[in-house]
Amino acid sequence: MMKKVYAAITAIEAWYPPDILTNADLEKMVDTTDKWIVSRTGIKERRILRGPDKGTSELAVPAVKKLLEKTGTSPKEIDMVICTTVTPDMFFPSTANIISDKVGITNAFSFDMAAACSGFVYMLAVASKFIETGSAKKIICIGADKMSSITDYTDRSTCPLFGDAAGAVLLEPCTEFGIMDHILRTDGSGRHHLYMKAGGSQRPASHETVDAHEHFIFQEGQTVFKMAVSKMADVSVEMMEKHQIPADKVWLVPHQANLRIITAVAKRMGLDPKRVMINIQKYGNTTTATIPLVIYEYEKKLRKGDPLILSSFGGGFTWGSVYLTWAYDPE
Ligand code: ACO
């Protein structure tokens, strides 16, 4: 009998810009304090991509280049590139096309996927099907966002939250380890609580929309907070129980939107804080990049076979979890 093929993460890389925006910097820009930001969100600083004409692809390209170099992969060997982002370089072409061009990937098809903060888990689920069916052998999945480009730095309720970064993984077939399962959910009625009001076809850019700050993130924080805690916990617990993953073995990889959300989800799963990947204090919410960026920073702690539950909640509303087993030991 043919062995089942899984899509395994065989390498991971990330990149964030050198410029740091601290809470002390924000204290000078809006009516806020370091104490409020740390106690309400857990965030101490975030990275900002500065300079003219630099879009999200500029964050992703260094991560993808490092990924190719590290694995000794020629760009010509890549079959498929997916980029998930809410801040594409432009409406079209896809940021994935731009990244592919900038790194010399010429034998692949590439496209963007949008599911706000849940983009990375949605993307892994989609990409895994191409590996499992044998129609792709090497896929690069990128989560990248230049959130500073849609953050209103006069709005104290949102500007402390977001930052810029990119993360990328190489997916390859493996008969032992890889993406085992996913639970993905959407509730489009949540779209009124977290969105960008203008700039799309419904409300194209105009003087009026710019004056009204409608090209920035709009969020009703408390509504989103409550939904994020309950929905992220639901899918994470469901995944852990479905696969009977022991609490002392699992790694929870939560989307990094708010430390209080992460702590509440971990508590409902009955996890020791040591089993939870956290780096929100350094980068804030980098939307689609949070999950690969935090795994990248914990890579050396991971061992072959370790169970990971990736879990996210974001605009849409979208949420979901992916269960995967780690495919390699540290070098
Ligand atoms: N500094 C000081 N005070 C502030 C600040 C600030 N930066 N921001 C808000 N406040 C004030 C408010 O004005 C309010 O004052 P009031 O009581 O006098 O009206 C008070 O602090 C409490 O405000 P809340 O909005 O109720 O604060 P909350 O505890 O809910 O924290 C936050 C806000 C951090 C945004 C939280 O609601 C949150 O994290 N929400 C979820 C975020 C999330 O998960 N998003 C999904 C992913 S993002 C994506 O998909 C793109």
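Residues numbered from 1 in each chain as written. Predicted model: local features only at pLDDT ≥ 70, side-chain atom pairs only at ≥ 80, totals over all residues. Heavy atoms only, no water.

(A) Region of interest: the overall build of the protein chain. Counting its regular elements, the protein chain contains ten helices and 13 strands. For 331 residues, the compact-globule formula gives about 20 Å, and the C-alpha radius of gyration of the protein chain, at 19 Å, lands near that figure. Projecting the C-alpha coordinates of the protein chain onto the three principal axes gives extents of approximately 65 × 45 × 35 Å. Expressed as a percentage of the 331 residues in the protein chain, the buried residues total 53%. (Helix = DSSP H or I, 4+ residues; strand = E, 2+ residues; numbered from the N terminus. Rg over C-alpha atoms; globule rule 2.2 N^0.38 Å. Buried < 20%, exposed > 50% of the residue type's maximum accessible area, 1.4 Å probe, protein only.)

(B) Molecular detail of the site of the ligand. The full set close to the ligand counts 25 residues, and Thr-32, Arg-40, Cys-117, Gln-222 and Asn-258 are the nearest of them. Take Trp-36: an N or O atom from its side chain is 3.4 Å from an oxygen atom of the ligand. A distance of 3.0 Å separates an oxygen atom of the ligand from a polar backbone atom of Gly-315. Alone, the ligand offers 1000 Å² of accessible surface; in the complex the protein occludes 75% of this. Among the elements of the structure, α2 (34-41), α7 (221-242), α8 (259-269) and β12 (307-314) are those that each provide at least two residues to the shell around the ligand. (Near = heavy atom within 4 Å. Polar contact = N/O pair within 3.5 Å; in protein donor to acceptor, adjacent residues only side chain to side chain. Areas by Shrake-Rupley, 256 points an atom, 1.4 Å probe, with all protein chains shown as cover.)

(C) Structural detail: the pattern of salt bridges. Counted according to the given criterion, the structure contains 15 salt bridges. Of the charged contacts, one joins Arg-268 and Asp-234 as a salt bridge, the two residues approaching to 3.0 Å between their closest N and O atoms. On the criterion of sequence distance, the pair formed by Arg-268 in helix α8 and Asp-234 in helix α7 is long-range, its members being 34 residues apart. Here Arg-268 falls in the partly exposed class, since its relative accessible area comes to 45%. Residue classification places Asp-234 among the partly exposed residues on the basis of a relative accessible area of 32%. When the shortest N-O distance is used, the salt bridge between Lys-282 and Glu-297 registers 3.2 Å. Note that Lys-282 is positioned in helix α9 (residues 280-283) and Glu-297 in helix α10 (residues 290-298), a separation of 15 residues in sequence. Within this structure, Glu-13, Lys-66, Lys-70 and Glu-299 form a network of salt bridges that share partners. (Salt bridge = Lys/Arg side-chain N within 4 Å of Asp/Glu carboxyl O.)

(D) Representation of the domain arrangement of the protein chain in the model. Per the domain assignment, the segments making up the protein chain are domain 1 (6-176) and domain 2 (181-325). For domain 1 versus domain 2, the separation of C-alpha centres amounts to 14 Å. Facing the 49 residues of domain 1 at the interface are 45 residues of domain 2. For the pair domain 1 and domain 2, the summed buried surface comes to about 3700 Å²; carbon and sulfur atoms form 63% of the total. At the surface where domain 1 touches domain 2, the tally comes to one salt bridge. One salt bridge connects Glu-299 with Lys-70, and the closest N-O pair in it is separated by 3.6 Å. Applying the counting rule to domain 1 against domain 2 returns 19 residue pairs in polar contact (both at pLDDT 80 or more). Among the elements of the structure, β1 (6-15), α2, β3 (45-47), α3 (56-71), α5 (119-132), β6 (139-146) and β7 (164-174) are those that each provide at least two residues to the side of domain 1 that touches domain 2. With seven residues, α5 is the largest single contributor of residues to the side of domain 1 that touches domain 2. The residue makeup of the side of domain 1 that touches domain 2, split by class, is 23 nonpolar, 13 polar and 13 charged. (Domains from an automatic or database assignment. Contact = heavy atoms within 4.5 Å. Buried area = accessible area lost by both parts, 1.4 Å probe. Nonpolar A, V, L, I, M, F, W, Y, C, P; charged D, E, K, R; others polar.)

(E) Structural view of the nonpolar core. If you look at the biggest cluster of nonpolar residues, it comprises 37 residues, and the most contacted ones within it are Leu-124, Leu-171, Ile-295, Leu-308 and Leu-310. Considering every element that reaches this core, the biggest residue donor is α5, with seven residues. Formed jointly, this core draws a minimum of three residues from each of two domains, domain 1 (6-176) and domain 2 (181-325). Among residues more than four places away in sequence, those in contact with Leu-124 are Cys-141, Val-169, Leu-171, Ile-179, Leu-310, Val-322 and Leu-324. Among the nonpolar cores identified, the runner-up in size contains 30 residues, and Ile-217, Ile-261, Leu-271 and Val-276 belong to it. (Core = buried A, V, L, I, M, F, W, Y, C linked by side-chain atoms within 4.5 Å.)

(F) Structural view of α3. Relative to the 22 Å expected for 16 residues at 1.5 Å per residue, α3 spans 23 Å between its end C-alpha atoms, a close match to the ideal helical length. Within α3, the full set of buried residues consists of Thr-56, Ser-57, Leu-59, Ala-60, Val-61, Ala-63, Val-64, Leu-67 and Leu-68. Backbone geometry just downstream of α3 places Gly-72 in the positive-phi region, at approximately 60 degrees. (Expected span 1.5 Å × (residues − 1).)

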